[in-house]
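# Remarks on the overall topology
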Amino acid sequence: MTILRPIMLALAVLTASPAATPSLAQDALDAIADISLLPGWRSESGAHITALRVALAPGWKTYWRAPGEAGIPPRFDWSGSSNMKAVAFHWPVPKVHEQNGMTTFGYETLFILPIELTPERNGEPIAVRASVELGVCLDICVPVSVRVDADLGLGGQPDARIRSAINDRPFTAAEASVAEARCAIEPIKDGMRVKATVTMPSLGPGEVAVFEHRDQRIWIAEAVVARDGRSLTAVTEMVPPSNKPFSLNRSDLLITVFGNGQAVEIEGCTG
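Residues numbered from 1 in each chain as written. Predicted model: local features only at pLDDT ≥ 70, side-chain atom pairs only at ≥ 80, totals over all residues. Heavy atoms only, no water.

## Digging into the overall build of the protein chain
- Across its full length, the protein chain holds 2 helices and 21 strands.
- By residue count, 44% of the 271 residues in the protein chain fall in the buried class.
- Contacts in the protein chain between residues at least 24 apart in sequence constitute 68% of all its contacts with a sequence separation of at least 6.
- Roughly 13,700 Å² of accessible area belongs to the protein chain as shown, and the carbon and sulfur atoms make up 52% of that amount. (Helix = DSSP H or I, 4+ residues; strand = E, 2+ residues; numbered from the N terminus. Buried < 20%, exposed > 50% of the residue type's maximum accessible area, 1.4 Å probe, protein only. Contact = heavy atoms within 4.5 Å. Areas by Shrake-Rupley, 256 points an atom, 1.4 Å probe, with all protein chains shown as cover.)

## A look at the pattern of salt bridges
- The final tally for this structure, using the stated rule, is 16 salt bridges.
- One salt bridge in this structure joins Asp149 and Arg147, with 3.3 Å as the shortest N-O distance.
- The exposure class of Arg147 is partly exposed, given its relative accessible area of 21%.
- Asp252 serves as the salt-bridge partner of Arg214, at 3.0 Å between the closest nitrogen and oxygen. Of the two residues, Arg214 is situated in the loop between strand 16 (208–213) and strand 17 (219–220) and Asp252 in the loop between strand 19 (231–239) and strand 20 (253–259); the sequence distance between them amounts to 38 residues. (Salt bridge = Lys/Arg side-chain N within 4 Å of Asp/Glu carboxyl O.)

## Concerning the pairing of strand 14 (residues 180–188)
- Across 9 bridges, strand 14 lies against strand 15 (residues 191–199) in antiparallel orientation. Across the sheet, residue Ala181 finds its bridge partner in strand 15, namely Val198.
- In sequence, strand 14 turns back onto strand 15 through a hairpin of 2 residues. (Pairing = 2+ DSSP bridges.)

## A look at the environment of Asp215
- Mapping Asp215 onto the fold places it in the loop between strand 16 and strand 17.
- A relative accessible area of 23% means that Asp215 is categorised as partly exposed.
- With 38 residues separating them in the primary sequence, Asp215 and Leu253 have C-alpha atoms 9.5 Å apart.
- Polar side-chain contacts of Asp215 include one of 3.0 Å to the side chain of Arg217. (Polar contact = N/O pair within 3.5 Å; in protein donor to acceptor, adjacent residues only side chain to side chain.)

## Overview of the nonpolar core
- Counting 38 residues, the largest nonpolar core has Leu52 and Val128 as its most contacted members.
- Counting only elements with at least two residues in this core, the list comes to strand 3 (33–42), strand 4 (48–56), strand 9 (102–108), strand 10 (110–118), strand 11 (126–137), strand 12 (140–152) and strand 16.
- When residues in this core are grouped by element, the largest group, 7 residues, is from strand 12.
- Not counting residues within four places of it along the chain, the set of residues in contact with Val128 comprises Trp78, Ser81, Met84, Leu117, Val148, Asp149, Ala150 and Leu152. (Core = buried A, V, L, I, M, F, W, Y, C linked by side-chain atoms within 4.5 Å.)

## A look at the sheet that holds strand 4
- Here we have 4 strands laid out as an open sheet, ordered 3-4-10-7, and antiparallel in their pairing. With partners counted over all chains shown, the strands left at the sheet margins are strand 3 and strand 7 (86–89), one partner each. Shown here is a sheet whose adjacent strand axes are inclined to one another by a mean of 25°, direction ignored.
- Packed onto the sheet, helix 2 (residues 160–167) meets strand 3, strand 4 and strand 10 and runs at close to 90° relative to strand 10. (Axes fitted to C-alpha atoms, helices over the stretch in contact; angles between N-to-C directions.)

## Observations concerning the sheet that holds strand 16
- Taken together, the 4 strands give an open sheet; going across it, the order is 13-21-20-16, and neighbouring strands pair in mixed fashion. Among the strands making up the open sheet, the edge pair consists of strand 13 (171–172) and strand 16.

## Looking at unusual backbone geometry
- Despite not being glycine, Asn83 has its phi angle at roughly 55°, a positive value.
- Mapping Asn83 onto the fold places it in the loop between strand 6 (75–77) and strand 7.
- For Asn83, a relative accessible area of 4% gives the class buried.
- With a phi angle near 60°, Ser177 is a residue other than glycine that sits in the positive phi range.
- Assignment of secondary structure puts Ser177 in the loop between strand 13 and strand 14.

## Description of the confidence of the model for the protein chain
- Residues of the protein chain with pLDDT of at least 70 account for 89%, and the chain-wide mean is 88.
- Note on residues 1–25: pLDDT is under 50 here. Beyond four places in sequence and across chains, it has 55 contacts. (pLDDT = per-residue confidence, 0-100.)

## Observations concerning the packing of aromatic side chains
- Taken as a whole and assessed by the stated rule, the structure comprises 9 aromatic pairs.
- Seen in terms of ring centroids, Phe76 and Phe89 are 4.8 Å apart; in terms of plane orientation they differ by 40°. Their pairing is tilted. Of this pair, Phe76 sits in strand 6 while Phe89 sits in strand 7, and the two are 13 residues apart along the sequence.
- Using a relative accessible area of 22% as the deciding quantity, one classes Phe76 as partly exposed. (Phe/Tyr/Trp six-rings, centres within 6.5 Å; stacked < 30°, edge-to-face > 60°.)

So, in structure tokens, the structure goes:
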């Protein structure tokens, strides 16, 4: 059985005036996002396939792993769990939202996030004791933090909802016929500037690119994207906590290109 215990439902308004902060009753907050963990099933490899289910009120959205400058990134703390060796997320392709000159990436209505849990000891249940923090937004943003407790046994049947979400993944570079991805790197005053040149077919008008780094403490600016035939260029800046230039390994970068409801993930780039 899965138990979700609310820890916090706090309001953070995207306006500068504290006086504009609305006051919502607890039942109204509960109605914004209904969060649960689907029981899932144990795969032939011994991993347990589960998923976080987030049902949102009309008009509200929650965010992808890299939400954009105006979004709230999801956070997961699995430290209280037992018989858990590794956690892998299978993120579905998010929608690209443009608002007030800023780009965000997220999900509306019903969000299923497949999660693959690898046990330390095969053939034994996995005890999930986790804290989950999500941002959900309309005109205001509500950071929602819940405690997820679940005992995942060896049984269970494949869940069509989870399988569908797994299948709604980005294309790999090979699947999208990416011929080459090169990155030019130069230092700036407080970090590094990266220019990626990717040779790939166009995904359609209005392509968007997102850079991610293995070190999530590094701030990454929204990329400026241009297309010239089969060549897409994307330029961003990365600022570490030290606010200084740093050694940037190109293999630590993940570049995701979005367009026309599709996405392509490119792992690393060459010099």
